[in-house]
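Residue-level structure breakdown
Chain by chain, the residues:
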Amino acid sequence: MDNHKSFVIDHVRIFTGDKFIESGFLRVNSGRITEVGHGPYREPGPDVRIISRPGDTLIPGLIDAHIHGLGGNVHSLEQSLRFGVTTVCDMHNDPSDNVKLRNLATDPSQKSMYADFKCAGLGAIIDSGWPIPVMKKEFEHIPNGHAICNNIISRWPKLKQPADAEPFVQQQKEKNNASYIKMFHEVGDSIGMDMPNPSPDLQRAVVQAAHKHGLIAVGHAFSYAGAMALIGSGADGLTHMFLDQPPSDEFLRAMLSQNMHCSPTLALCASQTGEDQDFFARFYDDPFAQEMLLNRTPGRPVGFAASETPRSSVNHAYESTKALYKAGVPVVVGTDAAGREIGTPYGLGVHMEMYLLSHKIGMAPADVLKAATTVTADRFGFDDIGRLEPGRKADMVLIRGDVEKTLQDPGTHCLPIATVWREGVLACSFA
């Protein structure tokens, strides 16, 4: 499947992001989708390559709504694309690392190698608040780690009062090219830590400033109290599900009334508590994963909440996500993959998350696909990706067979990807 400026995928089942076309075609010209229709393509020409894939399914490129490309780790882009993730959303990173990754992602000659890159710039941090304690803990065993960590943290702006929110948000958008704003409200009780939290007035000011600049604001919390504080701030979404208790009616009502979404990061929640580790092993052992992983060594569990089990449990996250889904709250696929051989892996983590949404949460296959494509695009305002429709970028994944049956099969772990295109360019892993 060599690269052509104009090509048609024909006789293929298509998930547009909203509905299935049982047998149809999709035409691409110069990186954009120009036509999607039912039945066979009827206007072949000498300059149009026809790719016939009867029995297979074409879906929009997957979106990982939560990664960290720490240190400018190129695997965040390269390995993601290998697993059909055509766009990644960084949720807090050093601006210089973001520049490196954005330059790789936007280089026209590298579209076959790297996923697209979006970011929050730096998150809205307070002094000694999350993720500073985590950074210090992770640098403990690195030579000269204390000095390196302090140097990194010293460059991060620390918000102290509501008046700091407006210039902070403006800096992230105008200087750091933020597509959304990231907040933190980590109480720490569910992960065995005690840390300060932003004031409610500060959190509300961050959300208001984000909205003023046309951006959404999403927030981190692993505890119920932190999640409720973020809801109270007017945030647009949660970037994790809490671990310390089952859902309450108050939580469900608040999520619905605030029109919030949730990216539960279920695999990451299991990594935090150290539960369900055989689940990770099954995915790493999958033949497709072994072929596409750039580092085949399974990442060790994050484990910050392991000392708090069973009070903190991934089962609470499963139960709460299931309740949100049944209530009609939008669910978004994110992994919190950060490299460093810890937690969830880039790219493969999206397949893990989709599997959990299918088999632990009970989401319908079409809803799982939407959570990894359409819902994310709609919630974040990405109007050129997430759907297979004329005018959007030709970010596409070809799945062998019927993707609905695949998602329903508990014995199938990775999606059986045949081909990936980013803006109509064939990913080199599938060339």
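The preceding data block contains the structure.
Every chain's residues receive numbers from 1 upward, in the order its sequence appears when written. Restriction of local features to residues with pLDDT of at least 70 applies here, the model being predicted, together with a cutoff of 80 or more for giving and counting side-chain atom pairs; totals for whole chains, interfaces and linings are based on all residues. To get the side-chain values, take all heavy atoms of the structure and skip hydrogens and water.

1. Some points on the state of the cysteines
Cut-off, in case you're wondering: For the purposes of this analysis, a disulfide is any pair of cysteine sulfur atoms at a distance within 2.5 Å. Here's how the labels work: a residue is buried when its accessible area is under 20% of the maximum for its type, exposed when over 50%, partly exposed in between, all with a 1.4 Å probe on protein chains only.
Considering all chains together, one arrives at zero disulfides under this definition. Looking at Cys89, it has no disulfide partner, and the nearest cysteine sulfur is the one in Cys119, 9.5 Å off. You can call Cys89 buried: its relative accessible area is 0%.

2. Considering the pattern of salt bridges
Rules: For this document, the term salt bridge refers to a Lys or Arg side-chain nitrogen within 4 Å of an Asp or Glu carboxyl oxygen. Secondary structure elements follow DSSP: runs of H or I of four or more residues count as helices, runs of E of two or more count as strands, with numbering from the N terminus.
Here the structure, examined in full by the defined rule, presents 18 salt bridges. Measuring nitrogen to oxygen at the nearest pair gives 2.6 Å for the salt bridge that ties Arg13 to Glu404. Separated by 391 residues along the polypeptide, Arg13 in strand 1 (residues 6–15) and Glu404 in helix 16 (residues 403–408) bring together distant segments of the chain. Residue classification places Arg13 among the buried residues on the basis of a relative accessible area of 11%. Among the salt bridges present, the one from Arg387 reaches Asp378, with a minimum N-O distance of 2.8 Å.

3. Quick notes on the sheet that holds strand 8 (residues 116–119)
Note the cut-off: Paired strands, as defined in this entry, are two strands with at least two bridges between them according to DSSP. Axes, fitted as lines to C-alpha atoms, cover a helix only where it is in contact. Angles between the N-to-C directions of the axes lie from 0 to 180 degrees. Here a residue-residue contact requires only that any non-hydrogen atoms of the pair lie within 4.5 Å.
Overall, parallel pairing links the three strands, which are arranged 6-7-8 in an open sheet. The open sheet has two edge strands, strand 6 (62–67) and strand 8, and neither has a second partner. Each neighbouring strand pair of the sheet contributes to a mean axis angle of 20°, computed without reference to strand direction. Both strand 6 and strand 7 (residues 85–90) contribute to a ladder of four bridges, which runs parallel. By the bridge assignment for strand 7, Asp64 is matched with Val88. The strands touched by helix 1 (residues 75–82) within the sheet are strand 6, strand 7 and strand 8, with strand 7 carrying the most contacts at an inclination of about 145°. The strands touched by helix 2 (residues 95–106) are strand 7 and strand 8; relative to strand 8, the strand with the most contacts, the crossing angle is about 145°.

4. Some thoughts on the environment of Met193
Along the chain, Met193 falls in the loop between strand 9 (181–184) and helix 6 (200–212). It is 9.9 Å that separates the C-alpha atoms of Met193 and Glu308, two residues lying 115 residues apart in sequence. Each residue touching Met193, except ones within four places of it in the same chain, is listed here: Trp130, Pro133, Val134, Lys137, Val187, Gly188 and Phe304.

5. Description of helix 1
Counting buried residues in helix 1 gives seven out of eight residues, a clear majority hidden from the surface. Burial in helix 1 covers these residues: Ser76, Leu77, Glu78, Gln79, Ser80, Leu81 and Arg82.

6. A few points about the layout of surface pockets
Filter applied, for reference: Points on a 1 Å grid over protein atoms alone make up a cavity when a 1.4 Å probe fits among them but cannot get out, and a pocket when they form an open set with protein on both sides within 12 Å along at least five of seven lines; lining residues each have an atom within 4 Å of a point. Grid points are joined across faces, edges and corners, and a volume is the space filled by probe spheres set on the points. When residues are grouped by polarity, Ala, Val, Leu, Ile, Met, Phe, Trp, Tyr, Cys and Pro land in nonpolar, Asp, Glu, Lys and Arg in charged, and all others, Gly among them, in polar.
Approximately 830 Å³ is the volume found for the largest pocket. Around the largest pocket, the lining is made up of 37 residues, and of these Leu70, Val134, Met135, Glu138 and Arg340 lie nearest the centre. Secondary structure elements with two or more residues in the lining of the largest pocket: helix 3 (132–138), strand 9 and helix 9 (266–273). Each residue belonging to the lining of the largest pocket can be placed in one class, and the counts come to 16 nonpolar, twelve polar and nine charged.

7. Describing the nonpolar core
To keep things clear, this is the line we draw: Here, nonpolar core refers to any group of buried Ala, Val, Leu, Ile, Met, Phe, Trp, Tyr and Cys residues whose side-chain atoms link them within 4.5 Å.
Leu58, Phe251, Met354 and Met396 are the most contacted members of the largest nonpolar core, which totals 133 residues. If we ignore the near neighbours within four places in the chain, the residues touching Leu58 are Ile9, Val12, Arg13, Ile14, Phe15, Leu26, Leu388, Met396, Val397, Leu398 and Trp421.

8. Considering the sheet that holds strand 10 (residues 217–220)
Ordered in space as 9-10-11-12, the four strands form an open sheet in which the pairing is parallel. Each edge of the open sheet is held by one strand with a lone partner, namely strand 9 and strand 12 (261–262). Note that strand 9 and strand 10 share four bridges and pair parallel. Bridge assignment links Phe184 to a residue of strand 10, and that residue is His220.

9. Details of the side chain of His185
Following the sequence through the fold, His185 ends up in the loop between strand 9 and helix 6. Given a relative accessible area of 9%, His185 falls into the buried group. Ignoring anything within four residues of it in the chain, the contact list for His185 reads Asn197, Pro198, Gln203, His220, Ala221, Gly226, Ala229 and Leu230.

10. Observations regarding empty space enclosed by the protein
Per the counting criterion, the structure on display carries three cavities of 30 Å³ or more. Approximately 70 Å³ is the volume found for the largest cavity. At the level of elements, helix 13 (348–359) and helix 16 are the ones that each hand at least two residues to the lining of the largest cavity. If one sorts the elements of the lining of the largest cavity by residue count, helix 13 sits on top with five residues. Across the lining of the largest cavity, the residue classes break down as four nonpolar, six polar and one charged. For the second largest cavity, the calculated volume is near 40 Å³. Taken together, Ala124, Ile125, Ile126, Gly129, Trp130, Phe184, His185, Glu186, Pro196, Asn197 and Pro198 make up the lining of the second largest cavity. Of the residues contributing to the lining of the second largest cavity, the split by class is seven nonpolar, three polar and one charged.

11. A few points about the environment of Arg53
Note the threshold: For the purposes of these results, a polar contact is taken to be a pair of N or O atoms within 3.5 Å, where, inside protein, one atom must be able to donate a hydrogen and its partner to accept one; residues adjacent in sequence count only when each atom of the pair is a side-chain atom.
Position of Arg53 relative to the elements: it lies in the loop between strand 4 (49–52) and strand 5 (57–60). Residue Arg53 is classed as buried on the basis of its relative accessible area, which comes to 18%. Along the backbone, Arg53 and Gly334 are 281 residues apart, and their C-alpha atoms lie at a distance of 29 Å. For Arg53, the side chain forms a polar contact with the side chain of Asp56, separated by 2.8 Å.

12. Examining unusual backbone geometry
In this model, Trp130 is joined to Pro131 through a cis peptide bond whose omega is 10°. Mapped onto the elements of the fold, Pro131 is located in the loop between strand 8 and helix 3. Cis geometry marks the peptide bond from Thr309 to Pro310, where omega comes out at 5°. Among the structural elements, Pro310 can be located in the loop between helix 11 (287–292) and helix 12 (314–327). A positive phi angle, close to 50°, is found at His11, a residue other than glycine. Phi is positive for Asn259, which is not a glycine, with a value near 55°. Under the relative-accessibility criterion, Asn259 is labelled exposed at 51%.

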